[in-house]
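Commentary on secondary and tertiary structure
Given next are the chains, with one letter for each unit.
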Protein chains: 2
Amino acid sequence: MSDGGADRDISLLFDVFVLHQRVRSLLARALSGTELRADEYAVYSVLFERGPLTPTQLAASLAMPVTTTLDYLRVMTRRGHVQRARNPADGRSYTVSLTADGLTAHQRTNAEWNVAVRQLEDALSMPVSQVRAALQALDDAAGAALARFADSEPTAVTSGR
Amino acid sequence: MSDGGADRDISLLFDVFVLHQRVRSLLARALSGTELRADEYAVYSVLFERGPLTPTQLAASLAMPVTTTLDYLRVMTRRGHVQRARNPADGRSYTVSLTADGLTAHQRTNAEWNVAVRQLEDALSMPVSQVRAALQALDDAAGAALARFADSEPTAVTSGR
C-alpha cells in the first residue's frame with residue numbers, strides 16, 4: 001500500500017482528519033513524560049498567553065464548545081491549576097486564569113512541546129508561514145461554513161440566551 | 001476579544017488543534033441527522049475507497065494507532081457493517097471490508113458530508129490544491145518527526161512485534 005498521493009484522494013476534510021491523527025500521535029510521543037496531555041496543554045497555553053478570560057472567551061480561542069471547555073476547567077480546578085475572579089467587564093460572569101501550580105504545569109510541559117514543534121518545523125518542505133496561512137484560510141472557511149449552518153437551521157435550544 | 005491574527009500566535013501545532021476543533025464542530029453540525037459521526041465516516045470512507053484492507057493498512061491510511069482502529073472495527077462489526085476475509089497475501093492475517101449494510105450507512109452519510117465539503121471549499125480564500133499541499137507537507141513533516149522520536153527512544157514493548 002502506497003503512502004503517496006493515491007492514498008490522499010478522499011477530500012480536504014479527510015486530510016484534516018489524518019493530519020490531526022498524525023499530530024496527535026507525535027504529541028502523545030513528545031509529551032509522554034510530561035504531566036499535561038497535548039489537548040490540555042493547548043487549553044493551558046491560551047490561559048497563559050491571553051488570560052484571564054471568561055469561559056466563553058476561552059472556548060472561542062480554542063474553537064471548542066463552551067460545554068467542553070467547562071469540562072476542562074472542572075478538571076483544572078480539581079488540580080488547583082486554575083482560579084476564578086469576578087469579570088471586571090461584567091459582574092454577572094467570571095474570568096479564569098492559571099494559578100502558580102497551573103503555570104508550573106504549563107512550563108514543565110512547554111519544553112517538550114517545543115521539541116516537537118522544532119522537529120516538525122525542521123522537517124517541513126515549505127515555509128512555516130505558508131503552512132500557517134493555509135491552516136488559517138481553512139479555519140476561516142470552516143468558521144464561515146459553520147455560520148451558514150447556524151443561520152439556516154432552526155435551533156431547538158434558543159431559550160436562556 | 002479579537003478573532004484575528006493576534007489570537008493565533010501560539011504555534012503551528014496550536015493552529016492544527018484549533019482547525020481540528022472547528023472542523024469537528026462543522027461536521028458535527030453537518031452530520032447531525034446522519035447515522036455516522038465524522039470520525040466514523042472517515043474510517044468507512046477508507047474502506048469504501050481502498051478496501052479490503054488489513055487492520056494495519058487501515059490504521060496506516062488513517063494515521064491512527066492500530067489499537068484505536070481495532071476499537072472502530074469492533075463497533076462496526078457489532079453493527080454488521082464490516083466483514084472479515086482471509087488475507088490472500090498472508091494467510092495468518094485478515095482483511096476487512098464494508099458489508100452491504102456498511103456501504104448503505106456510508107452512502108447515507110456521504111451526501112451530508114459533501115454538503116460540508118462544498119460549503120468549506122466555497123468559503124476558501126485560496127485554491128483548494130494549495131491548502132491540501134500545505135496539509136500534506138505538514139502531515140509528511142509530522143510523520144518524519146514521529147519517526148525521529150521512534151528512532152531515538154528505547155521502546156519498552158519490542159517483544160511479539
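In this report, we go over the structure that sits alongside the text.

About the criteria used
- Residues numbered from 1 in each chain as written.
- Chains lettered and ligands numbered in written order.
- Predicted model: local features only at pLDDT ≥ 70, side-chain atom pairs only at ≥ 80, totals over all residues.
- Heavy atoms only, no water.
- Buried < 20%, exposed > 50% of the residue type's maximum accessible area, 1.4 Å probe, protein only.
- Helix = DSSP H or I, 4+ residues; strand = E, 2+ residues; numbered from the N terminus.
- Pairing = 2+ DSSP bridges.
- Least-squares fit on C-alpha atoms with pLDDT ≥ 70 in both.
- Contact = heavy atoms within 4.5 Å.
- Expected span 1.5 Å × (residues − 1).
- Buried area = accessible area lost by both parts, 1.4 Å probe.
- Salt bridge = Lys/Arg side-chain N within 4 Å of Asp/Glu carboxyl O.
- Nonpolar A, V, L, I, M, F, W, Y, C, P; charged D, E, K, R; others polar.

**Describing the pairing of strand 2 (residues 94-98) of chain A**
Residues and elements named next belong to chain A. Most of strand 2 sits out of view: 4 of its 5 residues are buried. Sheet topology note: the strand 1 (residues 82-86)/strand 2 ladder contains 5 bridges and is antiparallel. Each residue of the ladder has a partner; that of R86, found in strand 2, is Y94.

**Some points on the relation of the copies chain A and chain B**
Placing chain A over chain B gives an RMSD of 0.0 Å and needs a rotation angle of 180°, together with 0.0 Å of translation along the axis. On this basis, the relationship between the two copies can be described by a two-fold rotation axis. Mapped onto chain B, 100% of the interface residues of chain A are again interface residues, and the two copies thus contact each other with one and the same surface.

**Side note on helix 4 (residues 66-78) of chain A**
Every α-helical turn comprises 3.6 residues, leaving residues that sit three or four positions apart pointing alike. Residues and elements named next belong to chain A. For helix 4, built from 13 residues, the straight-helix expectation of 18 Å at 1.5 Å per residue is met to within 8% by its first-to-last C-alpha distance of 18 Å. Contacts from the buried residues of helix 4 go to helix 2 (38-50), helix 3 (55-62), strand 1 and strand 2. Phi turns positive, to about 75°, at G80, one or two residues after helix 4.

**Points about the interface of chain A and chain B**
With 68 residues of chain A at the contact, the number on the chain B side is 69 residues. The junction of chain A with chain B conceals about 7,200 Å² of combined surface from both sides, 70% of it contributed by carbon and sulfur atoms. The tally of links from chain A across to chain B stands at 4 salt bridges. If you list the elements that add at least two residues to the side of chain A that touches chain B, you get helix 1 (12-30), helix 2, helix 3, helix 5 (100-123) and helix 6 (128-152) of chain A. In terms of residues, the side of chain A that touches chain B owes the most to one element, helix 6 of chain A, which gives 20 residues. Split into classes, the residues belonging to the side of chain A that touches chain B amount to 42 nonpolar, 11 polar and 15 charged.

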